[in-house]
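In case you want the letters, here they are:
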Amino acid sequence: MKTVRVGSVPLSVAAPAAGVTPHGGVIVVGDARGVTGYVLSVCEQLRDLGWLALAPHIYHRDGVAEVPLAEGAAQMRTLTARGLDEDIEAGLAWLAEAGIARAATAVIGFCMGGTAAFLAAARHRLAAAVSFYGGAVSDPYWADAPPLLAVAGELRTPWLGLYGENDTWVTLGEIGSLRAATRKAHVPTELVSYPGAQHAFHTPERPATHDPAAARDAWERMLRWLHTHSGAEPDSAPASEATG
């Protein structure tokens, strides 16, 4: 891994070995804690599968990369949708300089990052977007952002949503409403919900909510979504989940 800057935005980058042509680029937006070991492990696994992956440092305006879990819910409310989009734009610019076209670029996110990925999919025309339990379905996290339901029909990028049905941040009713609303978009969409799974079900470092079966299925669905919509060849041995 290395850290680069585009303007004031630091990006942690995991690049395939020299001489390896990437399938495409993936911008990984972290959860409310920022750029954690877990987020970096997602980038590293994507790199090992042939993707050029990077994670914007969403708290760079505060001079930190990561905040404690107990502070994450409050800290993420200090962000803005405009700032997050600027961070994603920085990632897009760096990937473009590396020779990755937007048609081969995806954005994925976890928790709050899943919300940011959804909003990016409504603003940008990319290869694919994936939200792991992105919240703010009915009520926005940030004053300058709409709830996801308000822009669901405006998605410009094929979007995959991966949610737990026991998520305390996103109700089962919201999951159903979001599934129905995204079907009105003029791009492919799919929302998969896992019975019994909780918020952060994909994160191994949070054993109280980690659901290995749902995590494996979600990871494999994500990889298929990326390959299908970027036009890349499928991997011969997909990783099951991030290791944290």
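Thresholds applied
Residues numbered from 1 in each chain as written. Predicted model: local features only at pLDDT ≥ 70, side-chain atom pairs only at ≥ 80, totals over all residues. Heavy atoms only, no water. Core = buried A, V, L, I, M, F, W, Y, C linked by side-chain atoms within 4.5 Å. Buried < 20%, exposed > 50% of the residue type's maximum accessible area, 1.4 Å probe, protein only. Helix = DSSP H or I, 4+ residues; strand = E, 2+ residues; numbered from the N terminus. Contact = heavy atoms within 4.5 Å. Polar contact = N/O pair within 3.5 Å; in protein donor to acceptor, adjacent residues only side chain to side chain. Salt bridge = Lys/Arg side-chain N within 4 Å of Asp/Glu carboxyl O. Pairing = 2+ DSSP bridges. Right-handed = clockwise from strand over helix to strand, strands pointing away. Axes fitted to C-alpha atoms, helices over the stretch in contact; angles between N-to-C directions. Parallel < 35°, antiparallel > 145°, perpendicular 65-115°, else oblique. Left-handed = near helix turned anticlockwise from the far one by under 90°. pLDDT = per-residue confidence, 0-100. Phe/Tyr/Trp six-rings, centres within 6.5 Å; stacked < 30°, edge-to-face > 60°.

Trainee: Go over the nonpolar core, please, and point to the residues and values.
Mentor: Of all hydrophobic cores here, the largest spans 87 residues; its most connected members are L46, I108 and L226. It is helix 4 (residues 112–123) that contributes the most residues to this core, eight residues altogether. If we skip the residues at most four places from it in the chain, L226 touches V26, L46, W51, A106, I108, A128 and V130.

Trainee: Tell me about the side chain of S193, residues and numbers included.
Mentor: Secondary-structure assignment places S193 in strand 8 (residues 189–194). Here the side chain of S193 touches E165 through a polar contact of 2.7 Å, side chain to side chain. At 3.2 Å, the side chain of S193 and the side chain of R179 are in polar contact.

Trainee: Could you give an account of the side chain of S41, with specific residues and numbers?
Mentor: With respect to the helices and strands, the residue S41 is situated in helix 1 (residues 37–48). With relative accessibility at 4%, the residue S41 sits in the buried group. From its side chain, S41 meets the backbone oxygen of Y38 in a polar contact 2.6 Å long.

Trainee: Outline the pattern of salt bridges, supporting the account with residue identities and numerical values.
Mentor: Evaluated as defined, the whole model comprises ten salt bridges. Taking the shortest distance from any N to any O, the salt bridge between R102 and E89 comes out at 3.1 Å. On the criterion of sequence distance, the pair formed by R102 in the loop between helix 3 (81–97) and strand 5 (105–110) and E89 in helix 3 is long-range, its members being 13 residues apart. The class for E89 is partly exposed, based on a relative accessible area of 30%.

Trainee: An account of the pairing of strand 3 (residues 25–29) is requested, with residue identities and associated values reported.
Mentor: In terms of burial, strand 3 is a largely internal element, five of the five residues being buried. Alternating positions in strand 3 separate into two faces, G25, I27 and V29 on one and V26 and V28 on the other, with burial throughout. Bridge count for strand 3 against strand 4 (residues 52–56) is three bridges, and the pairing is parallel. Bridging across to strand 4, I27 finds its partner in L54. With respect to chirality, the unit in which strand 3 leads through helix 1 into the neighbouring parallel strand 4 is right-handed. With five bridges joining them, strand 3 and strand 5 adopt parallel strand pairing. In the strand pairing of strand 5, G25 is matched with T105.

Trainee: Describe in detail the packing of helix 1 against helix 7 (residues 212–230), supporting the description with residues and values.
Mentor: Here helix 1 crosses helix 7 at 55 degrees, and the two axes come no closer than 13 Å. By the criterion of interaxial angle, the relationship of helix 1 to helix 7 is oblique. The hand of the helix 1/helix 7 crossing is right-handed. Listed contacts from helix 7 to V42, Q45 and L46 of helix 1 are W219, M222, L223 and L226.

Trainee: Run through the sheet that holds strand 1 (residues 2–6), naming residues and quoting values.
Mentor: The eight strands lie next to each other as 1-2-4-3-5-6-7-8, forming an open sheet whose pairing is mixed. In this open sheet, the two edge strands, each paired with only one partner strand, are strand 1 and strand 8. The mean inter-strand angle of the sheet, taken between neighbouring strand axes irrespective of direction, is 20 degrees. Against the sheet, helix 4 contacts strand 3, strand 5, strand 6 (128–132) and strand 7 (159–164), and its axis sits at roughly 145 degrees relative to strand 5. Contacts between helix 7 and the sheet are confined to strand 3, strand 5, strand 6, strand 7 and strand 8, with strand 6 contributing the most and set at about 165 degrees to the helix.

Trainee: Explain the environment of Y59 to me, and be specific about the residues and the numbers.
Mentor: On the secondary structure map, Y59 appears in the loop between strand 4 and helix 2 (69–75). On a C-alpha basis, the gap between Y59 and E165 in space is 29 Å, while along the polypeptide they are 106 residues apart. Setting aside residues no more than four positions away along its own chain, Y59 makes contact with A32, R33, G34, V64, A65, V67, G72, Q75, M76 and L79. Within the structure, Y59 has its side chain in polar contact with the backbone oxygen of A32 (distance 2.6 Å).

Trainee: For the confidence of the model for the protein chain, give the residues involved together with the corresponding values.
Mentor: A residue-level look at the protein chain finds 95% of positions with pLDDT of 70 or above and a mean pLDDT of 94. Taken as a whole, residues 236–241 scores under 50 in pLDDT and shows 19 contacts with residues more than four places along the chain or in a different chain.

Trainee: Tell me about the packing of aromatic side chains, residues and numbers included.
Mentor: Inspection of every chain in the model, using the stated rule, returns eight aromatic pairs. An angle of 75 degrees between the planes, with centres 5.3 Å apart, marks the rings of Y38 and F110 as edge-to-face. Taken as a pair, Y38 in helix 1 and F110 in strand 5 lie far apart in primary sequence, 72 residues in all. F110 shares its class with Y38; the two are buried.

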